[in-house]
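Each chain, written out:
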Amino acid sequence: MLIALLPGDGIGPEVTAEARRVLDAVCGTALSYEEAPVGAAGYRAEGHPLPPATLDLAKRADAVLFGAVGDPSCDHLERALRPEQAILGLRKELALFANLRPAKLFPELADASALRPEVARSIDLVIVRETNGDVYFGEKGMRTTPAGRRQGYDIMSYDEDEVARIARVGFETAKARRGRLCSVDKANVLETSQLWRDVVIEVARDYPEIELSHMYVDNAAMQLVRNPGQFDVIVTGNLFGDILSDQASMCAGSIGMLPSATLDVNKKGLYEPIHGSAPDIAGQGKANPLATILSAAMMLRYSLGKPAEADRIEAAVAAALAAGHRTADLGGTTTTSQMGDAVLAAL
Ligand code: IPM
Ligand code: MG
């Protein structure tokens with residue numbers, strides 16, 4: 001099976017290198033790898049954040065393991081050439097619409113959570129975030145108002161098929177877990193959200209066994225820190241899911257811990273840590289590789305049909321934490337490669 005390895009920018013190369021070592025140890029020659037540049041690295045090498053050869057590799061591969069993109073030196077470029085367009089382009093071109101972001105607290109990290117340990121301990125949820133639509137992909141631009149003032153705009157929209165498709169992933173995810181789905185929207189203000197809510201209710205008819213609830217996004221942000229244990233699966237749109245998943249990561253200990261999978265209808269997927277490129281600490285060996293290592297485990301489980309290997313990696317991560325290894329984000333001094341060593345040792 002072929003893995004497209006796209007390390008990207010900042011800490012991306014450091015964390016994907018550790019994930020690769022762990023995959024080699026667990027899968028050996030069952031997996032082969034081809035590496036290609038994305039993000040600012042793609043722009044520097046080929047003049048585009050998502051070079052055609054990189055996109056082609058991602059399409060050919062059985063799964064994509066992605067580091068992170070983003071580089072302040074590219075902030076002056078026109079939007080189409082900025083590093084972030086790489087991940088947005090991959091999601092769109094490969095029709096990766098279902099982004100699964102599990103947030104679960106490793107018991108050893110209760111003290112690293114921004115929440116009190118007794119509140120943090122209850123977190124065990126999955127955010128199912130739509131990633132092919134919403135304000136991210138609507139018409140956008142800069143224009144001048146009749147009064148001669150500059151105006152920026154980004155159109156938010158979802159059609160009913162897009163909502164139904166992600167709603168089904170939400171219901172199926174809940175079915176495989178504790179059977180509770182919370183749909184997050186802003187239906188008190190936005191038409192997009194009213195349609196979202198109506199369609200989620202329609203799809204719910206096919207899932208009578210799932211307990212469905214609805215929550216406005218502002219309330220959801222508040223409930224996530226007040227009592228995160230109330231959530232099993234959250235299904236939401238692209239923008240709300242982006243924000244809530246960063247928030248959930250800090251509740252679960254550190255943004256350096258949360259993996260993600262973004263799947264198409266056939267469960268082909270792109271796997272990436274939810275954190276960004278962290279240019280401020282790049283190249284210093286400070287980055288936490290666990291989110292990427294856990295993303296590799298999700299890849300084995302969801303796209304490559306290797307659940308036992310995924311279990312082994314997740315258990316090894318837990319063991320490395322139990323042995324006391326902590327990178328800087330978790331309040332320790334373990335380096336990126338030492339954390340990789342600790343996971344390898346625990347395998
Ligand atoms: C994420 C990131 C991306 C997003 C950026 C890098 C475009 O924040 O995957 O959450 O907004 O989706
Ligand atoms: Mg984000």
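Being a predicted model, the structure only gives us computed values, none of them experimental. (Residues numbered from 1 in each chain as written. Chains lettered and ligands numbered in written order. Predicted model: local features only at pLDDT ≥ 70, side-chain atom pairs only at ≥ 80, totals over all residues. Heavy atoms only, no water.)

### Let's talk about the domain arrangement of the protein chain
Partitioning the protein chain into structural domains gives domain 1 (1–99 + 258–347) and domain 2 (114–251). Relative placement of domain 1 and domain 2: their C-alpha centres are 24 Å apart. Contact residues are listed per partner, giving 13 residues for domain 1 and 16 residues for domain 2. Overall, the association of domain 1 and domain 2 removes approximately 1,200 Å² of surface from exposure, summing both partners, and the carbon and sulfur fraction of that is 60%. Looking only at domain 1, the three residues that lose the most surface to domain 2 are Lys92, Phe97 and Asn99, adding up to 49% of its buried area. Run the count over domain 1 and domain 2 and you get zero salt bridges. Inspection of the domain 1/domain 2 interface yields six residue pairs in polar contact (both at pLDDT 80 or more). Every element with two or more residues in the side of domain 1 that touches domain 2 is listed here: helix 4 (84–93) and strand 4 (98–104). Looking at which element gives the most residues to the side of domain 1 that touches domain 2, the answer is helix 4, with three residues. (Domains from an automatic or database assignment. Contact = heavy atoms within 4.5 Å. Buried area = accessible area lost by both parts, 1.4 Å probe. Salt bridge = Lys/Arg side-chain N within 4 Å of Asp/Glu carboxyl O. Polar contact = N/O pair within 3.5 Å; in protein donor to acceptor, adjacent residues only side chain to side chain. Helix = DSSP H or I, 4+ residues; strand = E, 2+ residues; numbered from the N terminus.)

### What to know about the site of ligand 1
Taken together, the neighbourhood of ligand 1 is formed by Glu84, Ile87, Arg91, Arg101, Arg129, Tyr136 and Asp242. The contact in question runs from an oxygen atom of ligand 1 to an N or O atom on the side chain of Arg129, over 2.8 Å. Contact between ligand 1 and Asp242: an oxygen atom at 2.9 Å from a side-chain N or O atom of the residue. A total of 320 Å² of accessible area belongs to ligand 1 in isolation, and the protein chains cover 78% of it. At three residues, the largest contribution of residues to the shell around ligand 1 is made by helix 4. (Near = heavy atom within 4 Å. Areas by Shrake-Rupley, 256 points an atom, 1.4 Å probe, with all protein chains shown as cover.)

### Quick notes on the environment of His214
Residue position: His214 is located in strand 9 (residues 211–216). The class of His214 is partly exposed, set by a relative accessible area of 26%. Distance in space between the C-alpha atoms of His214 and Phe97 is 21 Å, their sequence separation being 117 residues. For His214, the contacting residues outside a window of four places in its chain are Ser183, Arg197, Val200 and Ile201. (Buried < 20%, exposed > 50% of the residue type's maximum accessible area, 1.4 Å probe, protein only.)

### What about the sheet that holds strand 9?
On the basis of which strands lie adjacent, the open sheet formed by ten strands has the order 2-1-3-12-11-4-5-10-8-9 and mixed pairing. Strands at the two margins of the open sheet, each flanked by one partner only, are strand 2 (32–35) and strand 9. In this sheet, neighbouring strand axes are inclined to one another by 25 degrees on average, regardless of whether the strands run parallel or antiparallel. Alignment of strand 8 (residues 180–185) against strand 10 (residues 233–236), held across four bridges, turns out to be parallel. When the sheet's bridge partners are listed, Ser183 is paired in strand 10 with Val235. Where helix 3 (residues 52–60) meets the sheet, its contacts fall on strand 1 (2–8), strand 2 and strand 3 (63–68), and the angle it forms with strand 1 comes to roughly 140 degrees. Set on the sheet, helix 4 makes contact with strand 1, strand 3, strand 4, strand 5 (124–130), strand 11 (259–263) and strand 12 (269–273); between it and strand 12 the angle comes to about 155 degrees. (Pairing = 2+ DSSP bridges. Axes fitted to C-alpha atoms, helices over the stretch in contact; angles between N-to-C directions.)

### Observations regarding empty space enclosed by the protein
Any empty space left between atoms is shown by rolling a water-sized probe over those atoms. Taken as a whole and assessed by the stated rule, the structure comprises one cavity of 30 Å³ or more. Taken as a whole, the largest cavity encloses approximately 90 Å³ of empty space. Lining the largest cavity, in full, are Asp134, Met156, Tyr158, Val184, Asp185, Thr192, Ser193, Trp196, Thr236, Gly237 and Phe240. Among the elements of the structure, strand 8 and helix 7 (191–204) are those that each provide at least two residues to the lining of the largest cavity. Residue contributions to the lining of the largest cavity peak at three residues, all from helix 7. (1 Å grid on protein atoms, 1.4 Å probe; cavity = no way out; pocket = protein on both sides within 12 Å on 5 of 7 lines; lining within 4 Å. Points joined across faces, edges and corners; volume = space filled by probe spheres on them.)

### Concerning the pattern of salt bridges
Oppositely charged side chains can form a pair if their charged atoms are brought close together. Under the counting rule described, the total for this entry stands at 21 salt bridges. Where Arg168 meets Asp206, a salt bridge forms, and the shortest distance between an N and an O atom there is 3.2 Å. Highlighted residues: Arg168 in helix 6 (residues 160–175) and Asp206 in the loop between helix 7 and strand 9, separated in sequence by 38 residues. The shortest N-O distance in the salt bridge between Asp218 and Lys186 comes to 3.3 Å. Note that Asp218 is positioned in helix 8 (residues 217–226) and Lys186 in the loop between strand 8 and helix 7, a separation of 32 residues in sequence.

### Regarding a negative patch on the surface
Negative charge collects at one region of the surface, where Asp159, Glu160, Asp161, Asp198 and Glu202 lie side by side. Elements with a contribution of two residues or more to the negative patch: helix 6 and helix 7. Locating Glu160 in the fold gives a position in helix 6. In this structure Glu160 comes out as partly exposed when scored by relative accessible area, which is 46%. (Patch = residues over 30% accessible without salt bridge, like charges linked within 9 Å, V, L, I, M, F, W, Y side chains within 5 Å. Lys, Arg positive; Asp, Glu negative; His and termini not counted. Charge placed at Lys NZ, Arg CZ, Asp CG, Glu CD.)

### Considerations on the packing of aromatic side chains
Applying the stated criterion to the full structure yields two aromatic pairs. Between the aromatic rings of Tyr158 and Trp196, the centroid separation amounts to 5.4 Å while the plane-to-plane angle is 55 degrees, which identifies the pairing as tilted. Here Tyr158, found in the loop between strand 7 (150–154) and helix 6, pairs with Trp196, found in helix 7; they are 38 residues apart in sequence, far enough to count as distant. Each member of the pair Tyr158 and Trp196 is classed as buried. Across from the ring centre of Phe97, 4.0 Å away, lies the NZ or CZ of Arg165, which sits over that ring. (Phe/Tyr/Trp six-rings, centres within 6.5 Å; stacked < 30°, edge-to-face > 60°. Lys NZ or Arg CZ within 6 Å of the ring centre and 35° of its normal.)

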